[in-house]
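Listed below are the residues making up each chain.
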Amino acid sequence: MSEYQYYDFYAIDKPLTQEQIAVISTFSSRTHPTPRRATFEYNYGDFSYNQEEVVSTYFDMMLAIWTTRYIYCVQKVPGEEPHPQITKCSAR
């Protein structure tokens, strides 16, 4: 049985390039990323990419919400590139 899943990625420090938007568009046929944001919504199935990697590579923050009332957040902490520090939080 699948649960509802919602992922919201944010580019805060700098906008995504057109090339990055094109790559993110391949993650799901139902997403329409902008230079500052991409959302993914699933009623059946899962987000099939590593959320921490997606944040580290393209975005600055991600918020995920599941029907189990679980909230998961990943945030990139400014630091030495190309290996930014990732912080995580979760709540039920």
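Scope of this entry: the structure provided in the associated data block. (Residues numbered from 1 in each chain as written. Predicted model: local features only at pLDDT ≥ 70, side-chain atom pairs only at ≥ 80, totals over all residues. Heavy atoms only, no water.)

Let's talk about the overall build of the chain
Stated formally: Starting at the N terminus, helices and strands are each numbered in turn, a helix being any DSSP run of H or I of at least four residues and a strand any DSSP run of E of at least two. Here the term buried applies to any residue with accessible area under 20% of the maximum for its type, exposed to any over 50%, and partly exposed to those in between, with areas from a 1.4 Å probe on protein chains only. Two residues form a contact once any of their heavy atoms are found within 4.5 Å. All accessible areas in this document rest on Shrake-Rupley with a 1.4 Å probe, and a residue is counted as covered only by the protein chains that are shown.
Helix and strand counts for the chain come out as two helices and five strands. In sequence order, the chain lays out its α and β elements as β-α-β-α-β-β-β. The buried share of the chain, reckoned over its 92 residues, is 32%. For the chain, contacts bridging at least 24 residues in sequence account for 51% of all contacts bridging at least 6. Here the chain displays about 6,100 Å² of accessible surface, and carbon together with sulfur accounts for 51% of that area.

Here's the deal with the pattern of salt bridges
Operational definition: The salt bridge definition used is simple: a Lys or Arg side-chain nitrogen within 4 Å of an Asp or Glu carboxyl oxygen.
Taken as a whole and assessed by the stated rule, the structure comprises one salt bridge. Asp-8 is paired through a salt bridge with Arg-37; the nearest N and O atoms lie 2.7 Å apart. One end of the pair, Asp-8, is in strand β1 (residues 5-10); the other, Arg-37, is in strand β2 (residues 37-42), with 29 residues separating them in the sequence. Overall, Asp-8 belongs to the buried group, its relative accessible area being 3%.

Focus on the nonpolar core
What counts here: Buried Ala, Val, Leu, Ile, Met, Phe, Trp, Tyr and Cys residues form a nonpolar core when they are joined through side-chain atoms within 4.5 Å.
Counting residues in each nonpolar core, the largest one holds 19 residues, and the members touching the most others are Tyr-7, Phe-9, Ile-24, Phe-40, Phe-47, Phe-59 and Met-62. Of all the secondary structure elements, the ones that give two or more residues to this core are β1, α1 (18-25), β2, α2 (51-58), β3 (61-66) and β4 (70-77). What Tyr-7 contacts, discounting residues up to four positions off in sequence, is Ala-38, Thr-39, Phe-40, Tyr-42, Phe-47, Gln-51, Met-62, Leu-63, Ala-64 and Trp-66.

Overview of the environment of Ser-48
Residue placement: Ser-48 occurs in the loop between β2 and α2. Judged by relative accessible area, which is 61%, Ser-48 ranks as exposed.

Comments concerning the packing of aromatic side chains
Rule in force here: When the centres of two rings from Phe, Tyr and Trp lie within 6.5 Å, Trp using its six-membered ring, the rings pair. Their planes under 30 degrees apart give stacked, over 60 give edge-to-face, and anything left gives tilted.
Taken as a whole and assessed by the stated rule, the structure comprises 13 aromatic pairs. Judged by centre distance (5.8 Å) and plane angle (85 degrees), the rings of Phe-9 and Phe-40 are edge-to-face. Placement of the pair is Phe-9 in strand β1 and Phe-40 in strand β2, with a sequence separation of 31 residues. When sorted by exposure, Phe-9 lands in the same class as Phe-40, which is buried.

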